[in-house]
Amino acid sequence: MNQNDLRVKKTKKAIHNTFMELLKTKPVSKISVTELAKAAEINKATFYLHYKDIFDLYQHTLRNFLCGIADEITFMNLFFTDIERFATKLYELSISRGFFKNNVLFTAENASYNQGAMQFFCNALTDNVIHLNILEDNDINRMKLRYIFAGIGMLFRFDSDKNSDDIISTIVCAYKGQFEDMQ
């Protein structure tokens, strides 16, 4: 199947949009392929051409959402040049967009299905930093980046309503503990 085929793109968009609408009214575990296919006006077999099951669709949707957030961070270059400004801008972006608050992908009912979220987010941010060609692409640097981004993700997901200065200073301290020798 050609992923660039307009029909494939339209079908996947219909599936995704319908899925997001259904998630507004019920948890992922209560959504059936039959229900989704009917609402998206597609055949069940068409759904199975693209996804193994509803939970596979959920993982794809979650990964795409988190990669989209990573792509919105247009100031990744500040990560190595001005970590405090980077942390401040990242905090402001997180608060203004409310990435995790009131998001159907992160409801309490769906929590057990989004365990891969941190990995998706960390990998997307790590890839974005590596693509800047400031840091050598090796296992150690990727581990350090994922470590920092996992901490940042946890702060934003669970502590975003705390004092912004505390969150920013925590990010700066974690960064300096891992990359101070590189400046």
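What comes next is a walk through the structure.

1. Let's talk about the packing of aromatic side chains
Stage number 1. Under the counting rule described, the total for this entry stands at 10 aromatic pairs.
Stage number 2. Here F47 and Y48 contribute two aromatic rings whose centre-to-centre distance is 5.4 Å and whose plane-to-plane angle is 90°, an arrangement assigned as edge-to-face.
Stage number 3. On the basis of relative accessibility, which here comes to 0%, the residue F47 falls in the buried class.
Stage number 4. A centroid spacing of 5.3 Å and a plane angle of 80° characterise the contact between F79 and F86, whose relative ring orientation is edge-to-face.
Stage number 5. By way of ring pairs, the aromatic residues F75, F79, F80, F86, F149 and Y175 are connected into one cluster.

2. A few points about the pattern of salt bridges
A side chain with one charge can pair with a side chain of the opposite charge if their charged atoms come near.
Stage number 1. Under the counting rule described, the total for this entry stands at four salt bridges.
Stage number 2. Of the charged contacts, one joins K26 and E35 as a salt bridge, the two residues approaching to 2.7 Å between their closest N and O atoms.
Stage number 3. According to the relative accessible area criterion, K26 is partly exposed, its value standing at 25%.
Stage number 4. Among the salt bridges present, the one from R142 reaches D137, with a minimum N-O distance of 2.8 Å.
Stage number 5. The class for D137 is partly exposed, based on a relative accessible area of 47%.
Stage number 6. Salt bridges here are not isolated pairs; linked through shared partners, they connect D127, D137 and R142.

3. Description of the state of the cysteines
Stage number 1. Scanning the entire structure with this criterion turns up zero disulfides.
Stage number 2. Counting only cysteine sulfurs, C67 is the nearest neighbor of C122, a cysteine outside any disulfide, at a range of 11 Å.
Stage number 3. According to the relative accessible area criterion, C122 is buried, its value standing at 4%.
Stage number 4. With no disulfide of its own, C173 lies 19 Å from the sulfur of C122, the closest cysteine sulfur.

4. Looking at a negative patch on the surface
Stage number 1. Where like charges cluster on the molecular surface, the negative patch consists of D82, E84, D165 and D166.
Stage number 2. Within the secondary structure, D82 is located in the loop between α5 (78-81) and α6 (83-97).
Stage number 3. Relative accessible area serves as the criterion here: at 31%, D82 is assigned to the partly exposed category.

Rules of the game
- Residues numbered from 1 in each chain as written.
- Predicted model: local features only at pLDDT ≥ 70, side-chain atom pairs only at ≥ 80, totals over all residues.
- Heavy atoms only, no water.
- Phe/Tyr/Trp six-rings, centres within 6.5 Å; stacked < 30°, edge-to-face > 60°.
- Buried < 20%, exposed > 50% of the residue type's maximum accessible area, 1.4 Å probe, protein only.
- Salt bridge = Lys/Arg side-chain N within 4 Å of Asp/Glu carboxyl O.
- Disulfide = S-S within 2.5 Å.
- Patch = residues over 30% accessible without salt bridge, like charges linked within 9 Å, V, L, I, M, F, W, Y side chains within 5 Å.
- Areas by Shrake-Rupley, 256 points an atom, 1.4 Å probe, with all protein chains shown as cover.
- Lys, Arg positive; Asp, Glu negative; His and termini not counted.
- Charge placed at Lys NZ, Arg CZ, Asp CG, Glu CD.
- Helix = DSSP H or I, 4+ residues; strand = E, 2+ residues; numbered from the N terminus.

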